[in-house]
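Here are the chains, one letter per residue:
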Amino acid sequence: MMKLNLPMPGRRFVIGVPYVWLVVFFMLPFLILLYISFVDMGNDISPFKPIWNHETGLLKLKYENYWSIFRNAQDGTGLFHTIYIEAYMRSIWYALCTAVLCLVIGYPFSYFIARSAPSVRPALLMMVMLPFWTSFLLRVYAWKGILADQGVLNQLLMALGLTSEPIQMLYTNVSMLVGMTYVYLPFMVLPLYANLVKMDFRLLEAAHDLGASPFRAFWLVTVPLSKAGIVAGFMLVFIPCLGEFVIPSLLGGPENIMIGRVVWDEMFTSNNWPRASALAVVMIGLIVIPLAIYYHFTGDEK
Amino acid sequence: MATGGFKDNYLVTEKLVKRFDEALAVDEVDLSIAQGEIFALLGSSGCGKSTLLRMLAGFEKPTSGRILLGGKDVASLAPYERPFNMMFQSYALFPHLDIWENIAFGLKREGLAKEDIKERVGEMLDLVQLTPYAKRKPHQLSGGQQQRVALARSLAKKPKVLLLDEPLGALDKKLREQTQFELVNIIEKVGVTCVMVTHDQEEAMTMAGRIAVMSKGRVLQVGSPEEVYEHPANRFVADFIGNVNLFEGVLSVDKPDRCAVQTAIGEIQVGHGVSGALNMPVAIAVRPEKIEIHKERPAVDHNLFTGKVKEIAYFGSYNTFIVQASDGKRIKITEANTSRHDLSDITWEDDVFFWWSDAAGVVLRD
């Protein structure tokens, strides 16, 4: 037993590092967030009050931070008719749309790379990742230049005589979706590629041999076998899109407030840290649920 | 199955050629396969046998030539339009489908009624004795069971031709021997015409009715296992099928019923004519088991030579001796191990006599 214990400190250290990382940079901030979400708004000096009331000596949890997300106190229209719920729904909807768009564009992309000659694959993958070398903000800004009323695309359309005056593209849902799809596409392509490249293409031959047309073989063999890649790519796009703040702010319309923007406003405009925290906690819940579904799916593979 | 007058040449390839860039993979192959026959394409890797099979299946397009099934050209049909089904090397079972679904895959593509599919899959599961495993996934089965699923899947659609690509290649030796007979039994029960590809001559000899020996894209000989073994057409076939001792020499006597060849170890008598020119270079092939080895001089007057035992290998059922002949050539001789103790007391460095009857040798011109 003594001998077995000898290498343990080193091993503990190696295994411990990720845990320490998670505790310090994920667990602690989350607990702080959770704490703030249950206290009262503060003043100019401290943005929130302590949870412990010194005068009464009582612990005071302010559930109101959460209730106000779900219930509109002002006009009494009842549950779920709040700007917050609307913003959540909108965020989920656009995150879903983005994930679907990324899947539709990314799947043929990944399939093409996976089926190309092994010697050209690194170059093709490089092209997928190349945009990461430029600043994220610059890339999003570039879309402004393309989609603006006097932008490249409108000028091209007018030059071709397809339209006489500029089409409003910037600051709409379309421009926001274009931006998000563009930015998150690699997150779909990479896991899908990793999955498809492992696929045994003889299975497709077997399907052809048994009478499946190329399309049927794709649908009955390739798609089911790439399910894990589809789910992984979908989650990798959906989750960050849900809380996306920068792209909707730069490319989206003013009327379509997403939840990231709402949290920002509560935090920095209304200075209501507790409510901003409560909104963030609820959003984490929204992310954990699809993740749980994902793990349920991948758990099945065994 | 209406075949018209095509029973003996049911599946025919005519001058079939496949060229990959500059490399000639299959070179003008003419084959004629009878209905219900098990036909093996035998050759070492890279000989073009797999490419030939893939052309039959439709995965490769012939560069030129025709593939005729019952007189009709099928070379232009896509794999999913051909009445050919293939059992893939390492099976290519669909990992996401259970055994039942794997076997039903082809039937569903035909748009059969649900009950018909159920019945047919049931029959197939019975045939390969896997009914209790219907709901398992392929990875939950042993190699031999997977092999049977692959067979059932390829037979489910009642193909006109069954293609087997190294059907036993993924099994270990013991299982392979068992499975060979099982496989042949099932194929014969179904009565399907079968083309198999293998690099294993033993597999080809036990399973196939006829064998095509291939090398460098060409078919060198087509014949029954006995024919290719006993009467190889050329040096390559003789050497490829089983073990052989080749003696190079020139034709010295050529009569209709016998001939003789002058070789480095002396004159060798052969019990068949070759109708060739005298003094033409030929080789004589003699199988190791057809040579007798003795310590005492046997009472024979031809094909008797002497040598020194250099190596002895014990294989259980037989012994192999490597004997160095007078000219330095190493000759392989095998003796069946019929008695338990008596290894005919021949040992290393013994001077021995060896001989074979004039019916044992075969003259090879190519």
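Enquirer: Quick question: what am I supposed to make of the packing of helix α4 (residues 83–115) of chain A against helix α8 (residues 173–196) of chain A here?
Expert: Between two packed helices, the angle of one axis relative to the other and the distance separating the axes together describe the packing. Residue and element names in this part refer to chain A. Contact geometry for α4 and α8: axes closest at 7 Å, N-to-C directions at 45°. Between α4 and α8, the crossing angle belongs to the class labelled oblique. Helix-helix and strand crossings are classified by hand; for α4 and α8 the assignment is right-handed. Tallied by class, residues from the contact of α4 with α8 come to 21 nonpolar, four polar and no charged.

Enquirer: Would you take a moment to explain the sheet that holds strand β5 (residues 72–73) of chain B for this structure?
Expert: Within a sheet, adjacent strands bond to each other through the backbone by hydrogen bonds, running parallel or antiparallel. All names here are of chain B. One open sheet accounts for four strands, arranged β2-β1-β4-β5; its pairing is antiparallel. One side of each edge strand has no neighbouring strand; the edge strands of this open sheet are β2 (23–33) and β5. For strand β1 (residues 11–20) and β2, the ladder comprises seven bridges, and the chain directions are antiparallel. Counted as the bridge partner of Leu16 is Val29 from β2. Its contacts with the sheet put helix α1 (residues 49–57) on β1, β2 and β4 (64–69), and the angle it makes with β2 is roughly 65°.

Enquirer: I tried to follow the nonpolar core on my own but got confused; where do I start?
Expert: Within the largest apolar cluster, 106 residues are counted, with the highest numbers of intra-cluster contacts made by Ile103, Ala152, Leu163, Val195, Val213 and Ile284 of chain B. Looking at this core element by element, the count peaks at six residues for helix α2 (residues 99–109) of chain B. Composition of this core by domain shows at least three residues from each of domain 1 (11–235) and domain 2 (243–364) of chain B. Residue contacts for Val213 of chain B: discarding those within four places in its chain leaves Leu42, Gly43, Leu220, Gln221, Val228, Val237, Phe240 and Ile241 of chain B. Counting 53 residues, the second largest nonpolar core, distinct from the first, contains Tyr182, Phe238, Leu279 and Met283 of chain A.

Enquirer: Could you clarify how one ought to interpret the environment of Ser175 of chain A in this entry?
Expert: Residues and elements named next belong to chain A. Checked against the element boundaries, Ser175 lands in helix α8. The buried category is assigned to Ser175, around which 23 C-beta atoms lie within 10 Å. Put simply, Ser175 and Lys144 are 31 residues apart on the chain and 8.6 Å apart in space, counted from C-alpha to C-alpha. What Ser175 contacts, discounting residues up to four positions off in sequence, is Trp143, Leu147, Met169, Leu170 and Leu251.

Enquirer: Help me understand the confidence of the model for chain A, please; the structure alone is not making it clear to me.
Expert: Close reading of the predicted structure is inappropriate where its pLDDT is low. Scored by pLDDT, chain A has a mean of 87; 93% of the residues are at 70 or more. Mean pLDDT values for the elements of chain A range from 52 in helix α1 (residues 2–5) of chain A up to 95 in helix α10 (residues 214–225) of chain A.

Enquirer: Explanation requested: the packing of helix α9 (residues 202–209) of chain A against α10 of chain A in the structure shown.
Expert: Residue and element names in this part refer to chain A. At a minimum axis distance of 10 Å, the contact between α9 and α10 shows a crossing angle of 135°. Classified by the interaxial angle, the pair formed by α9 and α10 is oblique. For the element pair α9 and α10, the recorded crossing hand is right-handed. Together, Leu203, Leu204, Ala207 and His208 of α9 and Ala217, Leu220, Val221 and Thr222 of α10 make up the contact between the two elements.

Enquirer: Whenever I open this one, the interface of chain B and chain A confuses me. Can you help?
Expert: Interface extent is often summarised as the accessible area lost during association of the parts. Between chain B and chain A, the contact holds 15 residues from the first and 15 residues from the second. For the side of chain B that touches chain A, the secondary structure elements donating two or more residues are β6 (84–87) and α2 of chain B. Per-element accounting of the side of chain B that touches chain A gives the leading share, three residues, to α2 of chain B. The residue makeup of the side of chain B that touches chain A, split by class, is nine nonpolar, three polar and three charged.

Enquirer: I'm lost on the sheet that holds strand β15 (residues 292–294) of chain B in this one. Help?
Expert: All names here are of chain B. The antiparallel open sheet is built from five strands, whose spatial order is β15-β19-β16-β17-β18. For this open sheet the edge positions go to β15 and β18 (330–336), each flanked by a neighbour on one side alone. Pairs of neighbouring strands in the sheet enclose a mean axial angle of 45°, with direction left out of account. Examined bridge by bridge, strand β16 (residues 304–314) and strand β19 (residues 351–355) share five bridges and lie antiparallel to one another. Note that in β19 the partner of Leu304 across the bridge is Trp355.

Enquirer: Explain unusual backbone geometry to me, please; I cannot follow it from the model alone.
Expert: Of all residues except glycine, most have a negative phi; of all peptide bonds, most are trans. Residue and element names in this part refer to chain B. Positive phi, normally seen in glycine, also occurs at Lys15, with a value near 45°. With respect to the helices and strands, Lys15 occurs in strand β1. What makes Lys15 exposed here is the crowd of 12 C-beta atoms within 10 Å. Although it is not a glycine, Ser275 adopts a positive phi angle of roughly 45°. With respect to the secondary-structure elements, Ser275 resides in the loop between β13 (266–270) and β14 (281–286).

Rules used in this analysis
Residues numbered from 1 in each chain as written. Chains lettered and ligands numbered in written order. Predicted model: local features only at pLDDT ≥ 70, side-chain atom pairs only at ≥ 80, totals over all residues. Axes fitted to C-alpha atoms, helices over the stretch in contact; angles between N-to-C directions. Helix = DSSP H or I, 4+ residues; strand = E, 2+ residues; numbered from the N terminus. Parallel < 35°, antiparallel > 145°, perpendicular 65-115°, else oblique. Left-handed = near helix turned anticlockwise from the far one by under 90°. Nonpolar A, V, L, I, M, F, W, Y, C, P; charged D, E, K, R; others polar. Pairing = 2+ DSSP bridges. Contact = placed C-beta atoms within 7 Å. Core = buried A, V, L, I, M, F, W, Y, C linked by C-beta atoms within 7 Å. Buried ≥ 20, exposed ≤ 12 C-beta atoms within 10 Å, placed from the backbone. Domains from an automatic or database assignment. pLDDT = per-residue confidence, 0-100.

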